[in-house]
There are 2 protein chains.
Amino acid sequence: MAQASDLKLFQDAQALENFTDKQIRILIAAIDIFSEKGYANASTKEIADQAGVSEGNIFSKFGNKQGLLDAIIEPVVSMVFPQTIASLLDVETNRTPVSLHAFISDFMINRMRFLVENKKVLKIFIAELAYNQETRTHYMQSLPTSFLKDLKSQLNTMKRNHMIVNWNNDEIMRLIWSVIGGAVIDYLFFDRPIAKIEVTHMIDALVRALSR
Amino acid sequence: MAQASDLKLFQDAQALENFTDKQIRILIAAIDIFSEKGYANASTKEIADQAGVSEGNIFSKFGNKQGLLDAIIEPVVSMVFPQTIASLLDVETNRTPVSLHAFISDFMINRMRFLVENKKVLKIFIAELAYNQETRTHYMQSLPTSFLKDLKSQLNTMKRNHMIVNWNNDEIMRLIWSVIGGAVIDYLFFDRPIAKIEVTHMIDALVRALSR
DNA sequence: AATTATATTGAGTGCTCACTCAAACAAATG
DNA sequence: CATTTGTTTGAGTGAGCACTCAATATAATT
């Protein structure tokens, strides 16, 4: 069911200011339908009907169908990565060098909260990434390099202090996002709730896996 | 680029016997195009052109567009899971109880080989699973319960012998397929090759993470 | 060679789609 | 109230889509 709370990300980004009531209803309906059947399988007529507005209204505000998708996805990429950096820097300033456990649990808890708050929108984003090469390269190149640099310098410090395994940074990062991603997909696509104890387990597992 | 080797799975399944040369070319073209832009964004005209056949030929053999997708995906579900069972039973008969390391490394190496051999077809399958709810429930319910039962009984044995952590089986299995899946997605969707050393690292990481 | 069976063609069909645009409506401003 | 500015409408349009089918080519059988 379509809900105004699916717009959490837009509120945070103060992106709703230039939208009328009807245009917001279009966004809600589009998020709902895109997340159910995928962008390519959704028609603008269907979205307009569910939103209770005329089809033309979609185009006068968003230009075309792709513009509607972009309006939904843009806040994801413009907020996910900066927020993650912020959370990392926060850990870093508290303790140096950061403990592996603190590093991983902060990262995980932060991202899990974000996930739950933006379920449908993230589902659309992930599905679209899986679906075609163009979208993939387009959005991945916008992944800020500063984000990756901060993460990697953290890992390098921990390696120097013999706190973690001496793998490539890419491998370490992949292991972390694999474990998070597995739970995310289970939650988003197979409706399996994530219990608190499971998050604890995943953190412990990652700490054991990466400790040296 | 479209290649006959993309049909590996079909050869294994002896599924090519009832196909003519032109129909095989249709399959190759469809695998190529579906994996690039997604099923919903591909047109039958486009597939026919790339295969160098008439559009009608697609429909006389496969009935409709969905039938073409089914013909591509069916061998995946009918072979992936049975093969995995076979590999597991193979480990089991060699040693009882199986060592955690043997269990995980057999599982991983087996699945990695399958992955590399069926890259494009798996990409289509995964993307379609991500894209719409219907496909997801349709294919997941065909996941043989015997497969899961065998896996879980293995895990229970290892738990009884205090070889692994005392989590829910679902959690343990999710951790394993998360780590594998992360590498799979990196390989399939972001074209990152998987080095041998990385597989070793992943196996070690899982053993450390799950050992008790 | 004649006949039957199967494979392939490609122009044609109806339908759905994203998108347009002139007109109607509403809100704000002087 | 009059005018401007912005919003919303919905019938209409052309393009592209999956799919049909009668005709033709090819292969198999007798």
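These numbers come from a predicted model, not from an experiment. (Residues numbered from 1 in each chain as written. Chains lettered and ligands numbered in written order. Predicted model: local features only at pLDDT ≥ 70, side-chain atom pairs only at ≥ 80, totals over all residues. Heavy atoms only, no water.)

Peer 1: Mind showing me how you'd approach the pattern of salt bridges here?
Peer 2: A side chain with one charge may pair with a side chain of the opposite charge, provided their charged atoms come close. Counting across every chain of the model gives 22 salt bridges over all chains. Here lysine 152 of chain A ties to aspartate 170 of chain A by a salt bridge, and the two come within 3.5 Å at their closest N and O atoms. Note that lysine 152 of chain A is positioned in helix α9 (residues 145-160) and aspartate 170 of chain A in helix α10 (residues 169-190), a separation of 18 residues in sequence. According to the relative accessible area criterion, lysine 152 of chain A is partly exposed, its value standing at 27%. Aspartate 170 of chain A sits in the partly exposed class, given a relative accessible area of 38%. Several salt bridges converge on common partners, so that one network encompasses Arg174 of chain A together with Asp186, Arg192 and Glu198 of chain B. (Salt bridge = Lys/Arg side-chain N within 4 Å of Asp/Glu carboxyl O. Helix = DSSP H or I, 4+ residues; strand = E, 2+ residues; numbered from the N terminus. Buried < 20%, exposed > 50% of the residue type's maximum accessible area, 1.4 Å probe, protein only.)

Peer 1: It is not clear to me how the protein's contact with DNA strand D should be interpreted in this structure. Could you clarify?
Peer 2: Every one of the 15 residues lining DNA strand D counts as a neighbour, but Thr20, Lys22 and Ser54 of chain A together with Thr44 and Lys65 of chain B are closest to it. The sugar and phosphate moieties of DNA strand D supply 65% of its atoms located within 4 Å of the protein. The contact in question runs from a phosphate oxygen of DNA strand D to an N or O atom on the backbone of lysine 65 of chain B, over 2.6 Å. Take the surface near DNA strand D: its biggest share by element is three residues, from helix α4 (residues 55-62) of chain A. Taken together, the residues that form the surface near DNA strand D break down as three nonpolar, nine polar and three charged. (Near = heavy atom within 4 Å. Polar contact = N/O pair within 3.5 Å; in protein donor to acceptor, adjacent residues only side chain to side chain. Nonpolar A, V, L, I, M, F, W, Y, C, P; charged D, E, K, R; others polar.)

Peer 1: How should the domain arrangement of chain A be read in this particular structure?
Peer 2: Interfaces are often sized by the amount of accessible area the parts lose when they come together. Residues and elements named next belong to chain A. Domain boundaries in chain A define domain 1 (4-62) and domain 2 (73-210). The C-alpha centroid of domain 2 is placed 28 Å from the C-alpha centroid of domain 1. Each side of the interface is counted separately: domain 1 has twelve residues, and domain 2 has eleven residues. Counting each side, the surface lost to burial between domain 1 and domain 2 is near 1,200 Å², with a carbon and sulfur contribution of 70%. Summed over the three residues of domain 1 that lose the most area to domain 2, namely Lys8, Leu9 and Ser35, the buried surface amounts to 46% of that side. (Domains from an automatic or database assignment. Contact = heavy atoms within 4.5 Å. Buried area = accessible area lost by both parts, 1.4 Å probe.)

Peer 1: What is the right way to look at the interface of chain B and chain A in this model?
Peer 2: Taken together, the 38 residues of chain B in the interface contact 38 residues of chain A. Taken as a group, Tyr131, Arg174 and Arg208 of chain B account for 22% of the area that chain B buries against chain A, more than any other trio of residues on that side. For the pair chain B and chain A, the number of links is four salt bridges. Counting the contacts that link chain B with chain A gives 21 residue pairs in polar contact (both at pLDDT 80 or more). Breaking the side of chain B that touches chain A down by element, the ones donating at least two residues are α2 (21-37), α7 (119-131), α8 (133-140), α10 (169-190) and α11 (196-210) of chain B.

Peer 1: Is there a simple way to explain the packing of aromatic side chains in this structure?
Peer 2: Centre distance and the angle of the planes are the two values used to describe a pair of aromatic rings. Summed over all chains, the structure comprises eight aromatic pairs over all chains. Look at phenylalanine 125 of chain A and tyrosine 139 of chain A: their rings are 5.7 Å apart centre to centre, the planes differ by 80°, and that puts the pair in the edge-to-face class. Linking phenylalanine 125 of chain A in helix α7 (residues 119-131) with tyrosine 139 of chain A in helix α8 (residues 133-140), this pair joins segments that are 14 residues apart in sequence. Each of the two residues, phenylalanine 125 of chain A as well as tyrosine 139 of chain A, counts as buried. Above the ring of phenylalanine 19 of chain A, the side-chain terminus of lysine 61 of chain A is found at 4.9 Å from the ring centroid. The ring of tyrosine 39 of chain B carries the charged tip of lysine 65 of chain B above its face, separated from the ring centre by 4.4 Å. (Phe/Tyr/Trp six-rings, centres within 6.5 Å; stacked < 30°, edge-to-face > 60°. Lys NZ or Arg CZ within 6 Å of the ring centre and 35° of its normal.)

Peer 1: Is there a simple way to think about the packing of α2 of chain B against α7 of chain B in this case?
Peer 2: In a pair of packed helices, the angle between the axes and the distance between the axes together describe the arrangement. All names here are of chain B. Running from amino to carboxyl end, α2 crosses α7 at an angle of 50°, the nearest separation of the two axes being 9 Å. Relative to α7, α2 is oriented oblique. At the point where α2 passes α7, the crossing takes the left-handed sense. Along its contact with α2, which presents Ile31, Asp32, Phe34 and Ser35, the element α7 presents Lys120, Val121, Lys123 and Ile124. Within the contact of α2 with α7, the residues separate by chemical class into four nonpolar, one polar and three charged. (Axes fitted to C-alpha atoms, helices over the stretch in contact; angles between N-to-C directions. Parallel < 35°, antiparallel > 145°, perpendicular 65-115°, else oblique. Left-handed = near helix turned anticlockwise from the far one by under 90°.)

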